[in-house]
Amino acid sequence: MATLAIAVVVSQFRTTYVERELAVKTQTEHHVKAMEAHVLYSLQSVDLSLIGFANAIKVLNAQQRNSPEMMSELLSSRGSTFNGEYWITFLDTKGVAIATSTGNNINGYRYADRDYFKAHLDIAMRGKLFVGEPAVGLRNSQRLFFLSRRVESAKGEFLGVVVAPLNVSRYLTVFENSRFNSDISIALVHARGKVIVAVPNFEESFGRDLGSTDLFDNVRRASSGTYKTIGNADKLARIFSYRVFEELPLIVVVGSNDSESARLLQQNSLIAGAGLILLLILMAGAGHFSLRTYTRQEERELRFRALYSASREMEQKLLANEEERKKNEESMKLAALLFQNSGEGMMVTDADGRILTVNPAFSLLSGYTEKEVIGHRGYELTTSRQDINFYTRMFESIAHTGQWEGELWHQHKNGEEYLVAMRFNTVYDEWGNPFRYVALLSDITKKKASEELVWRQANFDALTGLPNRRMFHEHLRQEMKKTDRSHVPMALVFIDLDHFKEINDTLGHDMGDLLLKEVAIRLSGAVRGTDTVARLGGDEFTVILSELHNAGDVVRTAQEILKQMSTPFNLGNAGDKHIAHISSSIGITLYPEDGADAEILIKNADQAMYAAKQQGRNRFNYFAPFMQEATRVRMTLVNELREAVNHDELRILFQPIIDLASGKICKAEALVRWQHPVRGLLNPAEFISVAESSGMIVGIGDWVFKQAAREVQKLQALGLPDFQISVNKSAWQFRDNGSNYEQWLDFLQELHLDANSIIIEVTENLLLDTANSVSERMLALQHAHMQISLDDFGTGYCSVAFLRRFDIDYIKIDPTFVSNLSNGTDGVVLCEAIIAMAHKLGIKVIAEGIETPQQLAALTAAGCDLGQGYLFSKPISAEELEKKIKNELSPVNNSLDIHRTTCE
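Sequence order as written defines residue numbering, which begins from 1 separately in each chain. In keeping with the predicted nature of the model, local features appear solely for residues at pLDDT of at least 70, side-chain atom pairs appear and are counted solely at 80 or more, and the whole-chain, interface and lining totals rest on all residues. As a rule here, side-chain values cover all heavy atoms of the structure and leave hydrogens and water aside.

Caption draft 1: Inspection of the overall build of the protein chain at higher detail. By definition, any uninterrupted DSSP run of H or I lasting at least four residues is a helix, any uninterrupted run of E lasting at least two residues is a strand, and each is numbered from the N terminus. Scanning the protein chain for helices and strands turns up 31 helices and 32 strands. Only protein chains enter the accessibility calculation, which uses a 1.4 Å probe; a residue is then buried when its area is under 20% of its type maximum, exposed when over 50%, and partly exposed in between. Buried residues in the protein chain amount to 48% of all 904 residues. We call two residues in contact when some of their heavy atoms are within 4.5 Å. Partitioning the intrachain contacts of the protein chain with sequence separation of at least 6 by distance along the chain shows that 60% fall at a separation of at least 24. Carbon and sulfur atoms provide 51% of the accessible area of the protein chain, an area that totals close to 44100 Å². To be clear on the numbers: accessible area is Shrake-Rupley with a 1.4 Å probe, and residue cover counts the displayed protein chains and nothing else.

Caption draft 2: Up close: the sheet that holds strand E15 (residues 417–428). In this description, strands pair whenever DSSP reports at least two bridges between them. The antiparallel open sheet is built from five strands, whose spatial order is E13-E12-E16-E15-E14. Edge strands, defined here as strands with exactly one partner in the open sheet, are strand E13 (355–358) and strand E14 (403–411). When the angles between neighbouring strand axes are averaged without regard to direction, this sheet yields 25°. Relative to strand E16 (residues 434–443), strand E12 (residues 345–350) runs antiparallel, the two sharing six bridges. Bridge pairing in E16 places Met 346 opposite Leu 440. Each axis is a line fitted through C-alpha atoms, and for a helix only the stretch in contact is used; angles between axes span 0 to 180 degrees, taken between their N-to-C directions. Where helix H13 (residues 388–401) meets the sheet, its contacts fall on E14, E15 and E16, and the angle it forms with E14 comes to roughly 150°.

Caption draft 3: Representation of the pattern of salt bridges within the structure. Think of a salt bridge as a Lys or Arg side-chain nitrogen and an Asp or Glu carboxyl oxygen that are within 4 Å of each other. The tally for this structure, following the rule as stated, stands at 22 salt bridges. Here Glu 152 and Arg 150 are joined by a salt bridge, their closest N and O atoms 2.5 Å apart. Of the two residues examined, Glu 152 and Arg 150, each falls in the buried class. Taking the shortest distance from any N to any O, the salt bridge between Asp 553 and Arg 556 comes out at 2.2 Å. In this pair, Asp 553 and Arg 556 are both assigned in helix H18 (residues 552–566), three residues apart and thus about one turn of the helix distant. Three or more residues joined by partner-sharing salt bridges are found here, namely Glu 669, Glu 761, Lys 812 and Glu 848.

Caption draft 4: Looking closely at the packing of helix H22 (residues 697–717) against helix H30 (residues 878–889). Interhelical geometry of H22 versus H30 gives an angle of 20° and a closest axis separation of 11 Å. On the basis of their axis angle, the class for H22 and H30 is roughly parallel. Where H22 crosses over H30, the handedness of that crossing is right-handed. For the pair H22 and H30, the contacting residues are Glu 711, Lys 714 and Leu 715 in the first and Ala 878, Leu 881, Glu 882 and Ile 885 in the second. Of the residues that constitute the contact of H22 with H30, the class distribution is four nonpolar, no polar and three charged. For classification, angles of less than 35 degrees are called roughly parallel, those exceeding 145 degrees roughly antiparallel, those between 65 and 115 degrees roughly perpendicular, and all remaining angles oblique. Crossing handedness: left-handed means the near helix sits turned counterclockwise from the far one by under a right angle, and right-handed means the same turn made clockwise. Only Asp, Glu, Lys and Arg are considered charged, only Ala, Val, Leu, Ile, Met, Phe, Trp, Tyr, Cys and Pro nonpolar, and every remaining residue, Gly among them, polar.

Caption draft 5: Spatial organisation of the sheet that holds strand E7 (residues 184–190). Judged by pairing direction, the sheet is antiparallel, and its five strands sit side by side in the order E8-E7-E11-E10-E9 without closing on themselves. Either end of the sheet is taken by a strand with one partner, and the two such strands are strand E8 (195–199) and strand E9 (224–230). Averaged over all pairs of adjacent strands, the angle between strand axes in this sheet comes to 20°, irrespective of strand direction. In terms of strand pairing, E9 meets strand E10 (residues 237–244) through seven bridges, oriented antiparallel. Across the sheet, Lys 228 pairs through a bridge with Ile 239, a residue of E10. Contacting E7 and E8, helix H5 (residues 169–177) crosses the sheet at an angle of about 30° to E8.

Caption draft 6: Representation of the pairing of strand E6 (residues 158–167) in the model. The buried fraction of E6 is high, at nine of ten residues. The pairing of strand E1 (residues 89–91) with E6 spans three bridges and is antiparallel. Looking at E6, one finds that Leu 91 is bridged to Val 161. Examined bridge by bridge, strand E5 (residues 143–152) and E6 share nine bridges and lie antiparallel to one another. Paired with Arg 150 across the bridge in E6 is Val 161. Once E5 ends, the chain turns through five residues before running back antiparallel as E6, passing Gly 156 with a positive phi of about 90°.

Caption draft 7: A look at the state of the cysteines. In this description, a disulfide is simply a cysteine sulfur pair whose atoms lie within 2.5 Å. Inspection of every chain in the model, using the stated rule, returns zero disulfides. Distance from the sulfur of Cys 831, which forms no disulfide, to the nearest cysteine sulfur (Cys 864) is 8.0 Å.

Caption draft 8: Region of the structure containing the environment of Tyr 610. Its place among the elements puts Tyr 610 in helix H19 (residues 598–614). C-alpha of Tyr 610 to C-alpha of Asp 496: the two residues are 114 residues apart in sequence and 8.9 Å apart in space.

Caption draft 9: Broad picture of the packing of helix H17 (residues 509–526) against H18. Interhelical geometry of H17 versus H18 gives an angle of 150° and a closest axis separation of 9 Å. Our classification of the angle between H17 and H18 gives roughly antiparallel. Seen along the crossing, H17 lies across H18 with a hand that is right-handed. Only Thr 557, Glu 560, Ile 561, Gln 564 and Met 565 of H18 make contact with H17, whose side of the interface consists of Val 519, Arg 522, Leu 523 and Ala 526.

Caption draft 10: Examining H30 more closely. Between its first and last C-alpha, H30 extends 16 Å over twelve residues, near the 16 Å set by a 1.5 Å rise per residue. Those residues of H30 that sit buried are Ala 878, Leu 881, Glu 882 and Ile 885. One side of H30 carries all its buried residues, which in axial view fall inside an arc of 100°. Turned more than 90 degrees away from the buried face of H30, the exposed residues are Glu 879 and Lys 883. Looking at the buried positions of H30, the neighbouring elements they touch are strand E24 (650–659), strand E25 (665–676) and H22. Expected span of a helix: the number of residues minus one, times 1.5 Å. Along the arc lie the directions from the helix axis toward the C-beta atoms.

Caption draft 11: Focus on the nonpolar core. Buried residues of nine kinds, namely Ala, Val, Leu, Ile, Met, Phe, Trp, Tyr and Cys, make up a nonpolar core once their side-chain atoms join them within 4.5 Å. Of all hydrophobic cores here, the largest spans 77 residues; its most connected members are Ile 725, Ile 758, Ile 760 and Ile 811. For this core, the element with the most residues is H22, which contributes nine residues. With sequence-adjacent residues up to four places away left out, Ile 760 is seen in contact with Phe 705, Val 727, Lys 729, Phe 734, Trp 744, Leu 781, Met 786, Gln 787, Ile 788 and Ser 789. With 46 residues, the next largest nonpolar core counts Val 39, Leu 50, Tyr 86 and Leu 166 among its residues.

Caption draft 12: Main features of the confidence of the model for the protein chain. Predictor confidence is given residue by residue as pLDDT, running from a minimum of 0 to a maximum of 100. Of the residues in the protein chain, 82% reach a pLDDT of 70 or more, and the chain-wide mean stands at 81. Within the protein chain, helix H31 (residues 891–903) has the poorest average pLDDT of any element, 42, and strand E32 (residues 866–867) the best, 95. Between residues 892–904, whose pLDDT stays under 50, and residues either more than four places distant or in other chains, the model counts eight contacts.

Structure (structure tokens):
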């Protein structure tokens, strides 16, 4: 037995050691991707400047290109200090410096022997960016590396080179700030072997040749990878990850010292997960870099416009001579307009609308080459979706204002239709007559589809496709206004499914969701085409019956709904078919007879529905002012709940929350239950609304908070100092007469717990509450470092602005979205979109309702951080939760107990 115990312990520590090395490898791989993204974005910004100046220079004549004054004015025309990170220099065909953007007099200096000039003597470098090896500046002794582009005339003649020396100190600062500890090393290496930037030991590493090291041995085998070796600068053993830039002669390398792995052989095996925090920081950093992409795109467009404006100004200065202006006017305008590198499609037509030329981006967008469209009219590329009135308005706008901007459907050469955002501008001649028309086009088909998806998500129920609560309220108000104008009454029908909970409990949530879809189909078929069917949530539906010319229409519709709902539902496929028997309880209220506003109508219909349930279900009931039965039932429940609080009938269960990366329990959600003396264990859905309306939610919420705090204190004492428990909070607890949140913080101090030990879980409705007290209390909790989780995300219509305003720490994907993961790509796309948006905002994502391995795999692939659901554990008692965590903390002892039991 002793030998076996030793073998198990050694095996466990060996496993921990291997896991540690894998964690370090993953860490360096993410880190190197983040560094690659940062360097690539900065190089693209510099390259954009080089392309712009190259296009501006090629329209100058030889005298102007060789004029230091003219070139200095051009290069510095936009305040081109570029934040001191780089500058622009123009070299003529012999490598002699003409001018620089810094304004320094470098005219006459020769750079013909430099690689960034000699490379462009080869015509093969046409249109390509050259990246030079690291070097010390000739005049300022700065540590630099150079980017350059060839300047050609419209005929392809070599006119010179534009060069951008980059000061490596910028990357030195970024790399230094990206090191989480002294064990991390980061280097940017030229493909020829020399080090451009490296931390630590920058001074000793700059310009060092690594061509014969393990790095290049690995680069020759693959463009990215991981290897382990001794660092050249500090002689420390590290695990290195590298990536070779696509189409650029650069390599970024990140190394992490693995000395921690040796120490881990003598420590507890669970410490192997310590690298997780570093990984999350890297992911947040990568998100930050991604967010900057949009800003850079805007900067790029502004620079193009500024470059175009500067080119037009130069035309006026350079073409003072009338005879030369007439001779060069056409070529100068085309050279200024058709930037070959533009990402937007460009089309130039004559005054009659016939196409003169298009750029490559236009050909890529439309599928037509320049030769295929020259001479044709621009509208020939559009589809029949636009009628003659559309084009009439367009031409009138261009004639009166000289411009037009809007959206237009075009047809690709292969027959596919796509939507473009188009901007027309008129170019006038010296007499003020239209001379040329310039059109800029960009494909917005995917953008529109994305906007449509977001709109549907905000206004329609994801499960049934019916209008959701928000759209229902909007339709109801519109129909009420229509009734006010026409004086023809309308009715609101409130439908609640009978026995739906039993279907969920016996057949499962998947069948319950399928049943709701079938209910939506039957309801839509039971009403007129002009009526509105909506799902408010759960098993509650509404129907708006508009323009009731015959009062009997309401009765006929209600009877048809009852018939459809009581007809058995066949659920599932042939191999796994289930028959569900339900019915419905219907409440009906009339407008304007029963109420003057939407809220009163909804309340009346709801009360009438409760009356129908009380009368035996599977029936409908009209609202009547004397109807008191539903109110009496709710008051009874209020009294029983008040007794439950006094008699200690409330219970706390905990549902574990799993770290999807490690599979370990790292958090739990506290769930309150009511041990009713007659009805048994009640879920929150059966009494929380009553608790809120009666004000008892404040006392219940404070009690749950204290129970959760005491439990998290026990769990942290087991060896999990970062363990957290989330507690659900109602909007009532944040209002003026709600809970005293300061007492929550005082109670945590009494238990010697950090404020972030408890996560406050709220719904989107709380964020949308306009009361100042709600915002003040939420922000006060955050100032105290208590984290906030947003529950049921995606079912409401909370904007990104609210997420940023309240600095949300977690969002929980609603179980509806998780259950849809198996129903095709729509569910996967929605979850991926939510996760990507959250990560870009620095928010972690928890998926609720994970019930199948397929759902878990899809969420893990989408990058979801945490998950909970019956696949991992149902809600359990505090004792069971502690037992699960102890088993995770002591896997060796657990395995020994199992073995000992087996032997006995």
